[in-house]
Amino acid sequence: MATKGRELEDSKKRKRPAGKESGSKKLDLKKPKFTKNATEKISKKPFKPQNKVDGSFKKSHGKSGGFVKEEKVVPKTKQEQRVQAKELIEARKKKRKRNYTLEQELTHLWEKMRQRNISKEDRSKFVSEAIRKMKGKVNDIATSPVTSRVLQTCIKYGSQAERGSVFAELRPHFLILSRNKYAVHMVNKMLDNASKEQLVEFNSFLHGHVASLLRHVVGSMVVERAYSLGNAAQKQALVMELYSVELKLFKDLVSMKESRLEDVIAKLGLRKGSVLEHMKSVIQAVLGKNIVDHSIIHRALLEYLSIADKASAADVIQQLSGPSLVRMIHTKDGARIGMLCVKHGSAKERKNIIKGLTEVSKIAHDQYGSLVLVCILSTVDDTKLVSKNVVRELKKILKELVFDKNGRRPLLQLLHPNCSRYLSVDDLAAMELTIPSLFNKAEASEVEETGEDENMDEEDADADESSITKKSKKLVSGGKKDPFLRRKELLVDSGLAESLIDTCVENAEELLRSNLGKEIIYEVAIGGTDGILHPALDEKLEILHEAITSLVAKAKPEAEEGTKEEHILEQFHSSRTIRKLVLDSPSFASTLWNKALKGKSEIWAKGHSGKVFAAFLESSNAAVNKLARKELQPLIDSGVLVLTENKHPAAATKAS
């Protein structure tokens, strides 16, 4: 009986589902079945509404005080949908921006005050109202991308008192605002319209923070603006903070007359090593972020190179040799740094600099950038590289360059190098600048190349000192190739001279009458210094001489005709240019006399044209004197034709 009972129990156990066992590890993957009772329990749960912005649930004012579901109004038309979406956006902005309503009011005022066809009284009224509304909140307004423009307009058109109130409110926040990408434009506008006292006060806020701001892409713009607006003393105070830690900490030390870094070190007794270390840390941080556009950085770099050792100077040149140098040469100091990089850079670095000149046309028209092109044409020995990247671009815009004050400099440098008539004293001094540490290196290498004996006598050393200095100077500033050969390859072999002559033939009259163009046509017509255009382009030069002669051969206009344009011989610039051509070019003088002036001396003997005729007798060439002496001598004897004081008719008779 007992066994039967056990069997029955086992059979019952086997009939149980596997999932019901307490120790079973199997999972029931079937979906749960909801019974009727379960759904009734769910439906009996109390309704808990959510907080919604669109008002789909409304609080009841009855006894229960609960929430009653309100039917949502669905907009029927697209216009209603747009209006509803706009209202929703406005509601969200009001929650997110605490000054949203004020910003909207200021924006409406800005639209009125920035119009051009508005009276000064109305604009002043709108500006005053805007400043009154933003009072106490100017700092928040300045950092907004929208209202910062409103504040800029208020500063531009506001009165000095209104600007002063804004300046006073922003005084504690200037350093923070200078790093904000929206507020920085307002700070610059504030500096542009600041009084002298406000500018001095703002510079005092910058003290101790110049280096850190220069490392900031946005903050560096404020330092540059303060530097450009300051006087010489204020500029010096800003730059001197970059020299050493002592000058950064102690404000009284920066007020001194010495401007050169070497003089500052000598007067204050600073350690040159510590100054170099501090400036290197500042400059490397700035160059690492590629912030090279500002003139204050160019000034600091130039002073740093004046005392840097060989390794440090070579490192800076290597970093700047490339496209970044183009962003520096628009300033005076930046152009000088560019010329130093060209002079002292290796062949690879010069190649990177020349290939980085992507906008040669823009550089040629720039006051300081054109000097860098002049330095490249006078220094780089790889004429194929220069012809491909520089000369080829200059040929495309020759007509623009010959009439431009700065654009003509590279052309004149090839025709007449380092001429004081075309380059100022300051420009020539910049061309001769060198880096002291690298210049000594070039001098030492030149001495080694000459094979001088180290044990030579002191007297021999003193005798050869001047010649070694000249050689090393030539090596640094002019490369190793012969200057005449370099000029010939760049000017004649590249085809630039031929294109230049064609441009002069096409625009001969305009060039002769121009104050700037006359020098180009003069240098081309005489064949350049050292006769660089001869004999390869003699035929082309004859065509140019013929073009000028045809202009001179035109009949003299009568006074009663009332012509406004003067004859080429009576115009001031053209008459002086033709006179110089007669004195310096015998071939032109012969062509001009035989085809245009012979037999017309009595007509043109007076006025500006008389100087051209007198030049035939003043010329140092005997053949030119002989051409015109017979016809002009009677006019000189009668006093109609007058020679210049330094030239006497006896010179002509003596030549005969």
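Residues numbered from 1 in each chain as written. Predicted model: local features only at pLDDT ≥ 70, side-chain atom pairs only at ≥ 80, totals over all residues. Heavy atoms only, no water.

**Some points on helix H13 (residues 219-229)**
Structural remark: α-helix, 3.6 residues per turn; residues separated by three or four positions point the same way. This is how it is decided: The buried label goes to any residue with under 20% of its type's maximum accessible area, the exposed label to any with over 50%, and the partly exposed label to all in between, with areas taken from a 1.4 Å probe on protein chains only. Each helix corresponds to a stretch of at least 4 residues labelled H or I by DSSP, and each strand to a stretch of at least 2 residues labelled E; elements are numbered beginning at the N terminus. Whether two residues are in contact is decided by their heavy atoms, any of which lying within 4.5 Å being enough.
Within H13 the residues assigned to the buried category are Gly 219, Ser 220, Val 222, Val 223, Glu 224, Ala 226 and Tyr 227. Summarising the contacts, the buried residues of H13 are in contact with helix H10 (183-192), helix H11 (196-206), helix H12 (210-214), helix H14 (232-240) and helix H18 (295-307).

**Remarks on the packing of helix H33 (residues 517-525) against helix H34 (residues 538-552)**
Put simply, the rule reads: Orientation is described by axes fitted as lines to C-alpha atoms, over the contacting stretch for helices, and by angles from 0 to 180 degrees between their N-to-C directions. What sets the label is the angle itself: under 35 degrees gives roughly parallel, over 145 gives roughly antiparallel, 65 to 115 gives roughly perpendicular, and the rest give oblique. As a working rule, the residues Ala, Val, Leu, Ile, Met, Phe, Trp, Tyr, Cys and Pro are called nonpolar, Asp, Glu, Lys and Arg charged, and the rest polar, with Gly in that last group.
Contact pair H33 / H34: the axes reach a minimum separation of 10 Å and the direction vectors enclose 130 degrees. Here H33 is positioned oblique relative to H34, judged by the angle of their axes. Here Ile 521, Val 524 and Ala 525 of H33 come into contact with H34, specifically with Leu 541, Leu 544, His 545 and Ile 548. Its residues assigned to classes, the contact of H33 with H34 shows six nonpolar, one polar and no charged.

**Examining the nonpolar core**
Where we set the bar: Residues grouped as a nonpolar core are buried Ala, Val, Leu, Ile, Met, Phe, Trp, Tyr and Cys residues, joined through side-chain atoms within 4.5 Å.
Of all hydrophobic cores here, the largest spans 167 residues; its most connected members are Leu 592, Leu 597 and Phe 616. For this core, the leading source of residues is H18, giving eight residues. In this structure Leu 592 touches Thr 549, Val 552, Ile 578, Val 582, Leu 597, Val 612 and Phe 616, once residues within four positions along its chain are discounted.

**Brief notes about helix H36 (residues 586-597)**
For H36, every residue scored as buried is listed here: Phe 588, Ala 589, Thr 591, Leu 592, Trp 593, Ala 596 and Leu 597. Next to the buried residues of H36 lie H34, helix H35 (572-584), helix H37 (601-604), helix H38 (608-618) and helix H39 (622-637). Just past H36, the residue Gly 599 takes up positive phi, approximately 85 degrees.

**A closer look at the pattern of salt bridges**
It is possible for side chains bearing opposite charge to pair when their charged atoms get close. As a reminder, the rule being used: Salt bridge, as used here, is a side-chain nitrogen of Lys or Arg placed within 4 Å of a carboxyl oxygen of Asp or Glu.
Summed over the entire model, instances satisfying the criterion amount to 25 salt bridges. Between Asp 192 and Arg 225 there is a salt bridge, with its nearest N and O atoms 2.7 Å apart. Of this pair, Asp 192 sits in helix H10 while Arg 225 sits in helix H13; the two residues are 33 residues apart in sequence, bridging distant segments of the chain. Arg 225 sits in the partly exposed class, given a relative accessible area of 27%. Note that Glu 498 and Lys 540 form a salt bridge whose closest N and O atoms lie 3.9 Å from each other. Of this pair, Glu 498 sits in helix H31 (residues 496-506) while Lys 540 is found in helix H34, placing the two residues 42 residues apart along the sequence. Glu 498 sits in the partly exposed class, given a relative accessible area of 38%. For Lys 540, a relative accessible area of 23% puts it in the partly exposed group. A single salt-bridge network, built from bridges that share partners, covers Arg 260, Glu 262 and Asp 263.

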